[in-house]
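Architecture at a glance
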Amino acid sequence: MVSYAPAIRNMDQGRRAVAARFVASRVLIYGALLLWAFICLFPIYWTITTSFKSAVDVTQGHLVPWVDFQPDWKGWRSLGLSPDTIFQTSTVRSEFLARFENSVINSVGAALLALVLGSLAAYGLSRFRYKFGFMRNDDILFFFISQLILPPVVLALPFLVLYKALALLDTDIGLILIYTLSVLPIVIWIMRDQFDSIPVELDEAALVDGLSVWGVFMRIIVPLALPGMVAAFILSLVLCWNEYFFAALLTGTDAKTLPVMVASQTGSQGINWWSMAALSAAAIAPLAIIGVLLERYIIKGLTAGAVK
Amino acid sequence: MSTAAALNDGRHQPPAYVVTAGRVNAGRWLIVLATIALLALIMVQVLYVNGRTTLGFETWRPLLYAYIAWAAALSGGLLLSRGEAGERAMFVLPAVLFTVAVVIFPTLFGFYIASLDWNLSAFDGPKFAGLANLFELFADGSYWNALLNMVFYVLAVGAEYAIAFGLALLLNAEIRARKFFRVAFLLPFMLSPVAVSWMIGKSLLEYRFGPAATLARMLGWENPAFFASPWLARISIEMMDAWVSIPFIMILLLAGLQALPREVLEAAKVDGASSWQSFWRVTFPLMAPVSITALLIRIIFKLKLADIVINVTSGGPGGATDTVSSYIYRVYRDRSNVGYGTALAMFYLILIIIFLTVLLKATSRWRRVGGKA
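Definitions and limits used
- Residues numbered from 1 in each chain as written.
- Chains lettered and ligands numbered in written order.
- Predicted model: local features only at pLDDT ≥ 70, side-chain atom pairs only at ≥ 80, totals over all residues.
- Helix = DSSP H or I, 4+ residues; strand = E, 2+ residues; numbered from the N terminus.
- Rg over C-alpha atoms; globule rule 2.2 N^0.38 Å.
- Buried ≥ 20, exposed ≤ 12 C-beta atoms within 10 Å, placed from the backbone.
- Contact = placed C-beta atoms within 7 Å.
- Core = buried A, V, L, I, M, F, W, Y, C linked by C-beta atoms within 7 Å.
- Domains from an automatic or database assignment.
- Nonpolar A, V, L, I, M, F, W, Y, C, P; charged D, E, K, R; others polar.
- Expected span 1.5 Å × (residues − 1).
- Arc of directions from axis to C-beta.
- Axes fitted to C-alpha atoms, helices over the stretch in contact; angles between N-to-C directions.
- Left-handed = near helix turned anticlockwise from the far one by under 90°.
- pLDDT = per-residue confidence, 0-100.

**Topic: the overall build of chain B**
Each helix and strand counted, chain B has 17 helices and two strands in total. In terms of overall size, chain B is more extended than a compact globule, its C-alpha atoms giving a radius of gyration of 28 Å where 373 residues would be expected to give roughly 21 Å. Here the C-alpha coordinates of chain B stretch approximately 80 × 65 × 35 Å along the principal axes. With 373 residues in all, chain B has 36% of them scored as buried. Taking the intrachain contacts of chain B between residues at least 6 apart in sequence as the baseline, contacts between residues at least 24 apart amount to 67%.

**Description of the overall build of chain A**
From N to C terminus, chain A includes 15 helices and zero strands. Over its C-alpha atoms chain A spans a radius of gyration of 27 Å, topping by over 25% the 19 Å that the globule rule assigns to 308 residues. Dimensions of chain A, computed from the C-alpha atoms along their principal axes, are close to 85 × 75 × 35 Å. By residue count, 47% of the 308 residues in chain A fall in the buried class. Put simply, 72% of the contacts in chain A that link residues at least 6 apart link residues at least 24 apart.

**Observations concerning the nonpolar core**
Core analysis: the biggest nonpolar cluster contains 177 residues, and A:A121, A:V187, B:M250 and B:L253 have the highest contact counts within it. Apart from residues no more than four positions distant in its own chain, A:V187 is found in contact with A:A114, A:L115, A:G118, A:A232 and A:S236.

**Focus: the domain arrangement of chain A**
Residue and element names in this part refer to chain A. The domain architecture assigned to chain A consists of domain 1 (4–77) and domain 2 (91–303). A C-alpha centroid distance of 35 Å is found between domain 1 and domain 2. Elements represented by at least two residues in the side of domain 1 that touches domain 2 include exactly α2 (11–50) and α4 (74–79). Tallied by class, the residues present in the side of domain 1 that touches domain 2 amount to three nonpolar, four polar and two charged.

**Thoughts on the domain arrangement of chain B**
Segmentation of chain B into domains returns domain 1 (16–113) and domain 2 (138–363). The straight-line distance from the C-alpha centre of domain 1 of chain B to that of domain 2 of chain B is 42 Å.

**Thoughts on the interface of chain A and chain B**
Across the boundary between the two partners, chain A contributes 92 residues, which contact 88 residues of chain B. A class-by-class count of the residues in the side of chain A that touches chain B yields 69 nonpolar, 15 polar and eight charged.

**Concerning helix α10 (residues 213–224) of chain A**
The terminal C-alpha atoms of α10(A), which comprises 12 residues, lie 16 Å apart, in line with the 16 Å expected from a rise of 1.5 Å per residue. Those residues of α10(A) that fall on the buried side of the exposure criterion are A:V213, A:V216, A:F217 and A:I221. Along α10(A), the residues classed as buried sweep out an arc of 95 degrees about the axis, all on the same side. Of the exposed residues in α10(A), the ones pointing more than 90 degrees away from its buried face are A:M218, A:R219 and A:P223. Tucked into the core, α10(A) has its buried residues touching α5 (91–127), α8 (172–196) and α9 (200–208) of chain A together with α4 (84–113) of chain B.

**Quick look at unusual backbone geometry**
Phi at A:D170 takes a positive value of approximately 60 degrees, unusual for a residue other than glycine. Within the secondary structure layout, A:D170 lies in the loop between α7 (152–166) and α8. You will see that B:S336, though not glycine, has its phi angle at about 35 degrees, which is positive. Considering the arrangement of structural elements, one finds B:S336 in the loop between α16 (324–335) and α17 (338–363). Note on B:S336: 15 C-beta atoms within 10 Å, which makes it partly exposed.

**Some details on helix α11 (residues 226–242) of chain A**
One turn of the α-helix equals 3.6 residues, which is why residues spaced by three or four share an orientation. The terminal C-alpha atoms of α11(A), which comprises 17 residues, lie 24 Å apart, in line with the 24 Å expected from a rise of 1.5 Å per residue. With 13 of its 17 residues buried, α11(A) lies for the most part within the structure.

**A closer look at the environment of A:A248**
All names here are of chain A. By the element assignment, A248 lies in helix α12 (residues 245–250). Considered as a pair, A248 and D12 are 236 residues apart in the sequence and their alpha carbons are 68 Å apart. Among residues more than four places away in sequence, those in contact with A248 are V260 and A263.

**Focus on the packing of helix α14 (residues 273–293) of chain A against helix α8 (residues 178–190) of chain B**
Here α14(A) crosses α8(B) at 145 degrees, and the two axes come no closer than 9 Å. Judged by the twist between their axes, the crossing of α14(A) over α8(B) is right-handed. Between α14(A), through A:L287, A:A288, A:I290, A:G291 and A:V292, and α8(B), the contact on the second element is made entirely by B:V183, B:L186, B:L187 and B:M190. Taken together, the residues of the contact of α14(A) with α8(B) sort by class into eight nonpolar, one polar and no charged.

**Let's talk about the confidence of the model for chain B**
Residues and elements named next belong to chain B. The predicted model of chain B averages 85 in pLDDT, with 93% of residues at 70 or higher. Mean pLDDT in chain B bottoms out at helix α1 (residues 2–8), which sits at 44, and peaks at helix α7 (residues 157–172), which reaches 95. Contacts of residues 1–15 to residues separated by more than four positions or lying in other chains number 20 contacts, the stretch itself having pLDDT below 50. Between residues 369–373, whose pLDDT stays under 50, and residues either more than four places distant or in other chains, the model counts 11 contacts. Reported confidence for the predicted complex is 0.86 by ipTM and 0.87 by pTM.

**A look at the environment of B:Y327**
Residue and element names in this part refer to chain B. Note that Y327 resides in helix α16. Overall, Y327 belongs to the buried group, with 28 C-beta atoms counted inside 10 Å. For Y327 and D241, which are 86 residues apart along the polypeptide, the C-alpha to C-alpha distance reads 17 Å. Contacts of Y327, omitting those with residues within four sequence positions, involve S142, Y143, A146, G315 and D322.

Below is the structure:
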């Protein structure tokens, strides 16, 4: 109580100081927030606007459309995706769409496969006790999670040789298998966290009611774990969509994915900025949209198991 | 694991259905026969490839199907012979069989390839080279240079962590439009590193017209060449990688901050701690487990860094920005020698395993990764 007395006496003075400090800290906080938001968003803004620029606008560093420069469909026309070319045949566009389709098939296929395999394993590890030789539950879980440390480069060349022998080079199946293995540890991690948070009494009650072990899983647990499954699926989708290393080594023509196409364009000298910008914008658009709409699930997926 | 124990001790389990001796035998025979069939098929194919027999397949693809069929037979056999326990094993078995087929087997196979002199584009097949690749590796200055660069990249995770912590604190403060800022801060994580390579590396930082170069000139730096000198190039690459991955660390730390017990922070305030003190004495120590987790995962991913380097600098200038992955990629592209490339990769894998084991042991007191939570 004693320490309050001087505070009351200086209340007026103190209040003004506190207010000043409050304003200063607000300015600092919002300043920092805006600065970082600018750092995050400017490259995206730059890419999108550049896809509408002509050569002069690029070299003179014009930034703001309709103020600095008159936007034009230039970049998108070269991709065959501008309003005036969208109904004409375009080899670039069909190439782009083929790559886009491959990326969709690969990432959705791998994310689904990983989700099925990973959810089953995670549920088993969360509910039952296993003994495979010397391996107990914790060892099995560690065995799965530890796959995460394998750098792609370790598997890439053996896979090149194996896929050649298996005739899986340059196929969608081949890429799906390898993408599945790269996201499987993450799915298992997220899903075990999810299953651990569902009370085991639910399983027991359902077993008493006469459901089999698999019946419990399919009818009771899966519906409850759905948000976690969506999170694991979206996160896997993001990682597979952006993957470049394996795709660059293991595909040639047919199964090439979008990142490989973008990379091959970047490599060629003297490529037009506007078409590169349009291509990059088109490549990042699906995930940028997913990021804005499904941010909640991505955060849920990222933070599973890390915070308890 | 306590929850699992409760179910497993099985007070409430329905009586396990009777597994007759006949079923057990049928199950065992199924597994044995399927295994024999798979091994026989492998033998036939090996003999065919070596030219001993004329009976065999054009490619190894049928063996993939044989493995899948074997896996199905194994599952069926376990279900028959083990009953309830077999049903439980079915949850983990698919993932285990998958992982063995696509991770364990290729990794072991990789150690074999690493001992070969094998140029994929040449006509003569693999030649056994013993430890020759390993000796070449020790003499390969570029490889050691790439390893040294990895040390820099891993140390730079510390800076990424500091920035991410600051951002997490900002997002955790009482602010308006929190959702907007969170989405904006998360966006770089969603973008493909290859696209980022162009968007930032090849256009924003471009020497002639890039806005970043223009800005640098305005600020008085006459020659803003971001990829010309070794250290600058390395830092530029690191900045791009940080741009993509800071959101990930930030999200983990933010979740940690939100889970902090409020009473403790309020108690610190009541005790008259300044916000600076309460951060360093209360928040930061309480955040240790989350921080260690975030740092470990980030380091694991950092050790895989390749895409941005391959697409922006291809390791240049003079190998200054090379990561181990990008170097091996280039070695393979230039020489198509899978033997040597794999030897480099396997040596790297061993180094990583040692490094991470030490790191896991050293941090095991605070960490929550790896199952032994």
